[in-house]
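Fold and geometry: a report
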Amino acid sequence: MTQLLTLSKAARLVGVKRNTLQQKIREGELSTFEGLLDINELLRVYPETQVEDNTMLEHVNSIKRKAVAKLVEDHKGPAPGIFVRKLDALQERLFSELENNQTMVKLLKLINRTLQNSESNQDTITSLKPILKNFFSQTPSTTNNNDLHSLLNHLPLEVFINYARLSHSGHEFSLDPNETILEAALRAGLSIPYGCNDGSCGRCKCKVNTGLTRQIRHQSHRLSEDELKQGYILPCAWTSLTDIELDAAIAQTNADIEEQAIKCHIKSVIKQRELLVVTLKTPASQRLRFLAGQTIEISINSRSKSIRLPIASCPCEQGTLQIHINDHYREFCGYFIDPQNQHVPVSIKGPFGNNVLNLNSGNSLIFMASHQHFSHIKGLIEQAMALEISEQIDLFWMTEKNQNSPFENNFRAWADAIDNFHFHPIAIDIDNSEPLMTALTSVESAIEHLPNHDFYCCLDDNELQTLRTFLHGRGVAHAQMHLIPAL
Ligand code: FES
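Reading the values: rules and limits
- Residues numbered from 1 in each chain as written.
- Predicted model: local features only at pLDDT ≥ 70, side-chain atom pairs only at ≥ 80, totals over all residues.
- Heavy atoms only, no water.
- Helix = DSSP H or I, 4+ residues; strand = E, 2+ residues; numbered from the N terminus.
- Buried < 20%, exposed > 50% of the residue type's maximum accessible area, 1.4 Å probe, protein only.
- Contact = heavy atoms within 4.5 Å.
- Areas by Shrake-Rupley, 256 points an atom, 1.4 Å probe, with all protein chains shown as cover.
- Pairing = 2+ DSSP bridges.
- Axes fitted to C-alpha atoms, helices over the stretch in contact; angles between N-to-C directions.
- Expected span 1.5 Å × (residues − 1).
- Arc of directions from axis to C-beta.
- Phe/Tyr/Trp six-rings, centres within 6.5 Å; stacked < 30°, edge-to-face > 60°.
- Lys NZ or Arg CZ within 6 Å of the ring centre and 35° of its normal.
- Core = buried A, V, L, I, M, F, W, Y, C linked by side-chain atoms within 4.5 Å.
- pLDDT = per-residue confidence, 0-100.
- Polar contact = N/O pair within 3.5 Å; in protein donor to acceptor, adjacent residues only side chain to side chain.
- Left-handed = near helix turned anticlockwise from the far one by under 90°.
- Nonpolar A, V, L, I, M, F, W, Y, C, P; charged D, E, K, R; others polar.

Within the chain one finds 14 helices and 20 strands. Going through the 487 residues of the chain one by one, you find that 48% of them count as buried. Looking at the chain alone, contacts between residues at least 24 apart form 72% of all its contacts between residues at least 6 apart. Total accessible area on the chain is roughly 24400 Å²; 49% of this is exposed by carbon and sulfur atoms.

Strands sit in the order β13-β12-β15-β10-β11-β14 across an open sheet of six strands; the sheet is antiparallel. One side of each edge strand has no neighbouring strand; the edge strands of this open sheet are β13 (307–310) and β14 (320–326). Along the sheet, successive strands turn relative to each other by an average axial angle of 40 degrees, direction set aside. As paired elements, strand β10 (residues 260–272) and strand β11 (residues 275–281) share seven bridges and run antiparallel to each other. Counted as the bridge partner of Lys-271 is Leu-276 from β11.

This next bit is on the pairing of strand β12 (residues 295–299). Within a regular beta strand, the side chains point alternately toward one face of the sheet and then the other, so they alternate between its two faces. By the criterion of burial, β12 is predominantly enclosed, with four of the five residues buried. With four bridges joining them, β12 and β13 adopt antiparallel strand pairing. Bridge pairing links Glu-297 to Arg-308 in β13. The pairing of β12 with strand β15 (residues 346–352) spans four bridges and is classified as antiparallel. When the bridges of β15 are listed, Thr-295 appears paired with Phe-352.

Moving on, we come to helix α13 (residues 435–446). With 12 residues, α13 extends 17 Å between its outermost C-alpha atoms, agreeing within 8% with the 16 Å of an ideal straight helix rising 1.5 Å per residue. Looking only at α13, the buried set comprises Leu-436, Ala-439, Leu-440 and Val-443. Considered in projection along α13, the buried side chains sweep an arc of 95 degrees and stay on one side of the axis. In α13, the exposed residues that point more than 90 degrees away from the buried face are Thr-441 and Ser-445. For α13, the elements touching its buried residues are β16 (364–370), β17 (393–400), β18 (421–428), β19 (453–459) and α14 (461–473).

Quick look at the packing of aromatic side chains now. Considering all chains together, one arrives at 10 aromatic pairs under this definition. With a centroid separation of 6.4 Å and an interplanar angle of 85 degrees, the aromatic rings of Trp-397 and Phe-407 are classed as edge-to-face. Here Trp-397, found in strand β17, pairs with Phe-407, found in helix α12 (residues 407–417); they are 10 residues apart in sequence, far enough to count as distant. Neither Trp-397 nor Phe-407 differs from the other in exposure class; each is buried. Each ring, one from Trp-414 and one from Phe-421, has its centre 5.5 Å from the other, and the planes form 85 degrees; the classification is edge-to-face. Here Trp-414 and Phe-421 have matching classes, each one buried. Grouped by ring-pair contacts, the aromatic residues Phe-374, Trp-397, Phe-407, Phe-411, Trp-414, Phe-421 and Phe-423 constitute a single cluster. Sitting over the ring of Phe-352, Arg-308 keeps its end group 3.8 Å from the ring centre.

Formed by 53 residues in total, the largest nonpolar core has its most connected members in Phe-173, Phe-367 and Ile-377. No other element matches the six residues that helix α11 (residues 375–387) contributes to this core. Filtering out sequence-adjacent residues up to four positions away, Phe-367 remains in contact with Leu-357, Ile-377, Leu-380, Ile-381, Ile-393, Asp-394, Leu-395, Phe-396 and Tyr-456. Formed by 23 residues, the second largest nonpolar core is a distinct cluster that contains Phe-290, Ile-298, Cys-333 and Ile-348.

What follows is about the confidence of the model for the chain. With 84% of its residues at a pLDDT of 70 or more, the chain has an overall mean of 82. Per-element confidence in the chain ranges from a low mean pLDDT of 41 for helix α4 (residues 55–74) to a high of 97 for strand β7 (residues 232–233). The low-confidence segment residues 52–75, where pLDDT is below 50, has 27 contacts with residues more than four positions distant or belonging to other chains. Contacts for the low-pLDDT stretch residues 141–145, under 50 throughout, to residues beyond four places or in other chains number two contacts.

Attention shifts here to the environment of Thr-49. If you trace the backbone, Thr-49 turns up in the loop between α3 (39–45) and α4. As for Thr-49 and Gly-15, which are separated by 34 residues in sequence, their C-alpha atoms are 8.7 Å apart. In contact with Thr-49, other than residues within four places in its own chain, are Leu-13, Val-14 and Leu-43.

Once that is clear, we can look at the side chain of Gln-219. For Gln-219, the position within the fold is in the loop between β6 (213–215) and α9 (225–230). Within the local environment of Gln-219, its side chain forms a polar contact with the backbone oxygen of His-221, the two atoms lying 3.0 Å apart. For Gln-219, the residues in contact, after removing those within four places along its chain, are Gly-199, Leu-234, Ala-237 and Trp-238.

At a minimum axis separation of 11 Å, α13 and α14 run at an interaxial angle of 35 degrees. Handedness of the α13/α14 crossing: right-handed. Residues Leu-436, Met-437, Leu-440 and Glu-444 of α13 form the contact with α14, whose participating residues are Glu-463, Thr-466, Leu-467 and Phe-470. Grouping the amino acids of the contact of α13 with α14 by side-chain chemistry returns five nonpolar, one polar and two charged.

Attention now goes to the sheet that holds β17. Through backbone hydrogen bonds, the strands of a sheet pair up, either in parallel or in antiparallel fashion. On the basis of which strands lie adjacent, the open sheet formed by five strands has the order β18-β17-β16-β19-β20 and parallel pairing. The open sheet has two free edges, formed respectively by β18 and β20 (481–485), since each of these has just one partner strand. Strand-to-strand twist of the sheet, defined as the mean angle between neighbouring strand axes without regard to direction, takes the value 15 degrees. Alignment of β17 against β18, held across eight bridges, turns out to be parallel. When the sheet's bridge partners are listed, Ile-393 is paired in β18 with Phe-421. Docked against the sheet, α12 engages β17 and β18, running at close to 150 degrees with respect to β18.

Turning next to α11. Taking 1.5 Å per residue as the helical rise, α11 with its 13 residues ought to reach 18 Å, and the 19 Å between its terminal C-alpha atoms agrees with that figure. Of all 13 residues in α11, 12 are buried, a share of seventy percent or more. All of the buried residues along α11 are Ser-375, His-376, Ile-377, Lys-378, Gly-379, Leu-380, Ile-381, Glu-382, Gln-383, Ala-384, Met-385 and Leu-387. Glu-388 lies just past α11 and shows a positive phi near 50 degrees.

What follows is the structure in structure tokens.
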């Protein structure tokens with residue numbers, strides 16, 4: 001049976017974190033084929049896995065073709081220049097590992113000869129002592145971690161994909177060879193510092209602790225000789241040639257990101273029942289730095305008042321921002337729907353607010369909202385999926401009976417494509433005086449142990465109070481309740 005699994009699928013199958021498998025790949029314990037894991041290889045390392053009983057494997061068969069096709073499509077390989085540099089870097093490492101390997105073989109031969117010639121234990125110890133002392137004083141400390149076997153196992157993967165680790169938070173992300181380190185971090189939903197995104201402001205500057213990097217885009221901000229020697233780079237203009245460790249912190253709260261003012265263009269406007277779904281595009285050199293779940297202030301002209309709305313997209317969708325405008329904001333809806341305004345820039349300010357994901361909790365995540373409040377949690381769900389921070393994500397969707405929301409097709413597609421995403425539609429009867437209690441009964445019957453979950457819920461004010469009391473009564477800690485008042 002040969003089946004290739006993505007790292008995420010494999011991690012779920014054997015019940016370990018993705019990082020654990022990445023670690024085993026790096027250490028040479030698990031081998032991969034172009035970033036995918038063979039099921040037989042996985043069973044060799046995790047023999048206790050119940051393959052036959054696991055329904056996920058049936059699903060894996062159906063996604064296998066898509067996964068491989070996506071890999072081929074997404075990883076067409078590095079540009080020729082980068083490819084040659086990557087091979088150079090790998091060749092250098094290979095030579096150094098071979099040298100270490102030869103030193104090790106020489107040492108073993110020497111020990112063997114000494115053992116054969118020694119007549120007593122004391123004699124052996126006396127003869128071996130200077131040999132070992134000499135060996136350890138001359139051998140680099142990397143020999144143990146970075147052995148030849150690991151390098152050879154990892155070599156094909158390294159030509160196409162590298163991994164970056166952030167030393168402050170321990171988060172990891174993969175890097176395609178043709179993208180910058182900043183693009184890869186943002187794609188993974190990690191907001192490392194940046195400003196212009198075109199190599200001119202220097203705000204993304206950070207130090208590379210380990211690994212090799214290369215400049216691939218123009219940068220007008222100059223790094224001094226001293227900074228270059230110390231390993232500083234501009235992630236918006238550099239990529240990695242090997243796995244790297246970066247000395248960069250990620251933004252985790254509003255306090256980590258300063259307010260920005262940007263003029264955007266309207267990319268698309270779609271009517272979804274009583275909502276207008278507007279996608280804005282920021283200039284390539286002025287992307288909004290924000291965290292999923294935050295809000296922005298929008299103004300359409302100097303005469304009108306601005307409105308504050310949630311950003312209904314993930315920072316990983318670089319350069320685009322989605323907002324949902326309720327028909328309650330008539331002037332704004334009228335403005336965005338008017339074709340004459342499609343090419344007029346829209347001013348945004350932000351980001352604001354602290355209803356953001358707790359990246360460090362490790363709990364499974366539960367989201368709850370209705371059609372008109374979806375924009376408050378949409379970015380959070382997308383970021384949680386991009387970061388793969390949760391073993392399980394459950395979305396409880398409150399919808400009026402016989403009132404289908406166009407967003408539901410999205411959720412069903414997510415549930416189809418992502419094994420750990422579960423969609424729970426809850427039909428609410430508007431004649432029912434306590435629709436929230438109907439929803440909470442569904443939550444309680446679908447979820448096993450509520451205190452093991454973080455809750456991100458957007459409801460009306462009075463409903464939030466009911467929800468808080470309900471969760472408190474089930475042993476959910478205050479810090480796990482992210483109850484978002486609807487704007
Ligand atoms: S973001 Fe401005 S130089 Fe990198």
